[in-house]
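# Structural overview
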Amino acid sequence: MAHEPERVLLKNTGLRTFVPFGARKLGKDFVVVAGPCSVEDASSYLETARALRAAGVDGLRGGVFKPRTSPYDFQGLGREGLKILAAAREETGLPVVTEIMDPRDVDLGCEYADMIQIGSRNMQNFPLLKEVGGIRKPVLLKRGMQATLAEWLNAAEYILAGGNGQVVLCERGIRTFESSTRFSLDLSIVPAARELTHLPLIVDPSHGTGRASLVEPMCLAAVAAGANGLLIEVHPRPAEALTDRLQQVPLNCFPRLIDRIRRTVALVESFAQDPAEPRLP
Ligand code: PEP
Ligand code: MN
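Report follows, based on the coordinates.

Thresholds, definitions, all that
- Residues numbered from 1 in each chain as written.
- Chains lettered and ligands numbered in written order.
- Predicted model: local features only at pLDDT ≥ 70, side-chain atom pairs only at ≥ 80, totals over all residues.
- Heavy atoms only, no water.
- Axes fitted to C-alpha atoms, helices over the stretch in contact; angles between N-to-C directions.
- Helix = DSSP H or I, 4+ residues; strand = E, 2+ residues; numbered from the N terminus.
- Parallel < 35°, antiparallel > 145°, perpendicular 65-115°, else oblique.
- Left-handed = near helix turned anticlockwise from the far one by under 90°.
- Contact = heavy atoms within 4.5 Å.
- Nonpolar A, V, L, I, M, F, W, Y, C, P; charged D, E, K, R; others polar.
- Near = heavy atom within 4 Å.
- Polar contact = N/O pair within 3.5 Å; in protein donor to acceptor, adjacent residues only side chain to side chain.
- Areas by Shrake-Rupley, 256 points an atom, 1.4 Å probe, with all protein chains shown as cover.
- 1 Å grid on protein atoms, 1.4 Å probe; cavity = no way out; pocket = protein on both sides within 12 Å on 5 of 7 lines; lining within 4 Å.
- Sits in = over half its atoms within 2 Å of the grid points.
- Donors = N, O, S within 2.8 Å, 3.2 Å for Na, K, Ca; no water.
- Buried < 20%, exposed > 50% of the residue type's maximum accessible area, 1.4 Å probe, protein only.

## Observations concerning the packing of helix H5 (residues 149–161) against helix H6 (residues 189–196)
How two helices sit against one another is set out by the angle between their axes and by the gap between those axes. Direction vectors running N to C along H5 and H6 enclose 50 degrees, while the axes themselves pass 11 Å from each other. Here H5 lies oblique to H6, going by the angle between them. Crossing angle aside, the handedness with which H5 passes H6 is right-handed. On H6, the residues touching Leu149, Trp152 and Leu153 of H5 are Ile189, Ala192, Ala193 and Leu196. Counted by class, the contact of H5 with H6 contains seven nonpolar, no polar and no charged residues.

## With respect to the site of ligand 1
Around ligand 1, the surrounding shell holds 13 residues, and the nearest of these are Arg61, Ser120, Arg121, Lys142 and Arg172. In this structure, an oxygen atom belonging to ligand 1 sits 3.5 Å away from a side-chain N or O atom of Glu233. For ligand 1, whose unbound accessible area comes to 290 Å², protein coverage reaches 97%. One can see that ligand 1 is located within the second largest pocket.

## Section: the coordination of the manganese ion (ligand 2)
Only Cys37 (SG), His207 (NE2), Glu233 (OE) and Asp244 (OD) from the protein reach the manganese ion (ligand 2) as donors, at distances of 2.0 to 2.3 Å. All donors to the manganese ion (ligand 2) come from one chain, and their sequence spacing reads C-x169-H-x25-E-x10-D. A residue pair is termed long-range when its members are at least 10 positions apart, and His207 in helix H7 (residues 205–209) and Glu233 in strand S10 (residues 229–235) qualify at 26 residues. Here Glu233 falls in the buried class, since its relative accessible area comes to 0%.

Structure follows, in structure tokens:
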């Protein structure tokens, strides 16, 4: 059997870690984060941010450094995009999360964003993990699309070992033989991870399925599986989006989606508080 190195920090101690994000605490409050895949321009981002705020989201997303398969595709607005995120936060009062890919951009990201996202393709970028281990901002660590639970938790351990305890895990789908969806959203990892860690865990059904029509059912299923929040891609005009066109929920459909999410959260919380609930050993 392969030797499993001991994790010093990342054990399930029975106590849960709460990670602050704006007015909410991830791990305690159910947190809905939404926004377009990429920040494309100021006016459409602000239009989206205002509507999401009105719909009752807890935080905003938007990529400005994009990990694209082709070097000729839109790479993101970089620093200009960070300024747009900061303007949206200023106007809405909502915290923002954005992906950083290069260790040299971590300080820049921290200047503008409330949470730094490590993308699936960088889950084992060890210099980047070490860099964000040294900051004092929350980190959203997406699961590598080919990573096992042990590899994912060890990546989180790198950040914790660097002294940054504010880590949120994010399941975003894994590669399987199934080709009708972009990835296979692995919802069984949610309770499995929660047995082993004290960190909050959210689910990204947008990348996990790659199809806007599958986002709502997977959001509700993620709530039932015990997720602490959701990361959802929303765009005012998905057909015109510069990235991930097929999976972004149209902005005008979002109020119905968040209403159904909130109602499912309330239902699941009512189960969790039932003291008569029998539990498996
Ligand atoms: C994203 O959130 O836009 C993204 C690129 O996600 P992932 O790293 O999960 O593919
Ligand atoms: Mn995307």
